[in-house]
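Here's the letter readout for the chains.
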Amino acid sequence: MAAAVISTERLILRPWKEEDFLPYAELNADPRVREFYPSLLTREQSDSEIRYFQGTYARDGFCMFAAEQPATGEFAGYIGLQTMNLAIPSVPQPVVEIGWRLASKHWGKGLATEGARATARYAFETLKLKEIVAIAVTANLRSRRVMDKIGMKHYPELDFNHPRLPEGHPLRAHVLYAIKSDAVS
């Protein structure tokens, strides 16, 4: 078991390891998980994402961490932080984004909220960040509920069209939520 960066009652958020590649590829091949993304990911694309996360961890000391259930050692997905790699109008850059992606069998159990809440505390208490943001497709109500539950505030004036999606794409409209360090208890 890799060393935990963040631990909760039901999750270990840690750096990625070789054993995570296959279950992460399976997660990214699930149409339910990828509902609010333009496409499913191939095995190569999924592996490339992990390598990207590993690189951001080496560079920044944080990333979208692999999420593991400590009782079983089962890979559940990711929850973590990354320096946002796209420019959002009206948002000063660089900005750190919080995010999560869990295998569908782990949905509805409060794991995303539990992990995101701990990740926000880590961002503010350990990394000393002043603010973190989250983005989602406007229709992604599951992720938006997590944002609400961890105390993030929606800023409708900062909603935007995703710059990597073409005009008219059904997933182009995105919302932006943010939370400042003094809002976390």
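Note that the structure is predicted; figures quoted are calculated from it, not measured. (Residues numbered from 1 in each chain as written. Predicted model: local features only at pLDDT ≥ 70, side-chain atom pairs only at ≥ 80, totals over all residues. Heavy atoms only, no water.)

**Student:** I would appreciate a short explanation of the overall build of the chain in the present structure.
**Tutor:** Within the chain one finds four helices and nine strands. Computed over the C-alpha atoms, the radius of gyration of the chain is 16 Å, within 12% of the 16 Å expected from 2.2 N^0.38 for a compact globule of 185 residues. If you line up the chain on its principal axes, its C-alpha atoms span 45 × 40 × 35 Å. Relative to its 185 residues, the chain shows a buried fraction of 50%. Carbon and sulfur atoms make up 53% of the accessible area of the chain, which amounts to about 9,200 Å² in all. (Helix = DSSP H or I, 4+ residues; strand = E, 2+ residues; numbered from the N terminus. Rg over C-alpha atoms; globule rule 2.2 N^0.38 Å. Buried < 20%, exposed > 50% of the residue type's maximum accessible area, 1.4 Å probe, protein only. Areas by Shrake-Rupley, 256 points an atom, 1.4 Å probe, with all protein chains shown as cover.)

**Student:** I tried to follow the packing of aromatic side chains on my own but got confused; where do I start?
**Tutor:** How two aromatic rings sit relative to each other is set out by the distance from centre to centre and by the angle between their planes. This structure, assessed with the given rule, holds ten aromatic pairs. Seen in terms of ring centroids, Phe53 and Tyr78 are 5.2 Å apart; in terms of plane orientation they differ by 75 degrees. Their pairing is edge-to-face. Taken together, the residues Phe53 in helix H2 (residues 43-60) and Tyr78 in strand E4 (residues 74-83) connect sequence positions 25 residues apart. Taking relative accessible area as the criterion, Tyr78 reaches 6% and is therefore assigned buried. Between Phe65 and Tyr122 the ring centres are 6.4 Å apart and the planes differ by 80 degrees, which places this aromatic pair in the edge-to-face class. (Phe/Tyr/Trp six-rings, centres within 6.5 Å; stacked < 30°, edge-to-face > 60°.)

**Student:** Is there a simple way to think about helix H1 (residues 21-28) in this case?
**Tutor:** Working note: α-helix, 3.6 residues per turn, so residues spaced by three or four point in the same direction. Within H1, the full set of buried residues consists of Phe21, Tyr24, Ala25, Leu27 and Asn28. One side of H1 holds all its buried residues, which, seen down the axis, span an arc of 160 degrees. Along its buried surface, H1 packs onto H2, E4 and strand E5 (96-102). (Arc of directions from axis to C-beta. Contact = heavy atoms within 4.5 Å.)

**Student:** Please explain H2 as it appears in this structure.
**Tutor:** The end-to-end C-alpha separation of H2 is 26 Å, in line with the 26 Å expected for 18 residues at 1.5 Å each. Ser46, Asp47, Ile50, Phe53 and Thr56 are the residues of H2 that are buried. Buried residues along H2 sit in contact with H1, strand E3 (64-69) and E4. Looking one or two residues beyond H2, the residue adopting positive phi is Gly61, at roughly 85 degrees. (Expected span 1.5 Å × (residues − 1).)

**Student:** Just checking my understanding: could you explain the layout of surface pockets for this structure?
**Tutor:** One way to see where empty space is left: roll a probe the size of a water molecule over the atoms. Computed from the structure, the largest pocket encloses a volume of approximately 1,300 Å³. What lines the largest pocket is a set of 49 residues, and nearest its centre among them are Tyr37, Tyr78, Trp100, Arg101 and Ile135. Of all the secondary-structure elements, those providing two or more residues to the lining of the largest pocket are H2, E4, E5, helix H3 (111-126), strand E6 (131-137) and helix H4 (141-149). Taken together, the residues of the lining of the largest pocket sort by class into 25 nonpolar, 14 polar and ten charged. (1 Å grid on protein atoms, 1.4 Å probe; cavity = no way out; pocket = protein on both sides within 12 Å on 5 of 7 lines; lining within 4 Å. Points joined across faces, edges and corners; volume = space filled by probe spheres on them. Nonpolar A, V, L, I, M, F, W, Y, C, P; charged D, E, K, R; others polar.)

**Student:** Can you help me understand the pattern of salt bridges in this one?
**Tutor:** Note on pairing: side chains with opposite charge can pair once their charged atoms come close. Following the criterion strictly, the structure yields twelve salt bridges and no others. One salt bridge in this structure joins Glu114 and Arg10, with 2.7 Å as the shortest N-O distance. Remark: Arg10 occurs in the loop between strand E1 (6-7) and strand E2 (12-14) and Glu114 occurs in helix H3; sequence separation between them is 104 residues. Of the residues examined, Glu114 reaches a relative accessible area of 16% and is grouped as buried. Arg14 is the partner of Asp20 in a salt bridge, and the nearest nitrogen-oxygen pair spans 2.8 Å. For the pair shown, Asp20 and Arg14 are each scored as buried. (Salt bridge = Lys/Arg side-chain N within 4 Å of Asp/Glu carboxyl O.)

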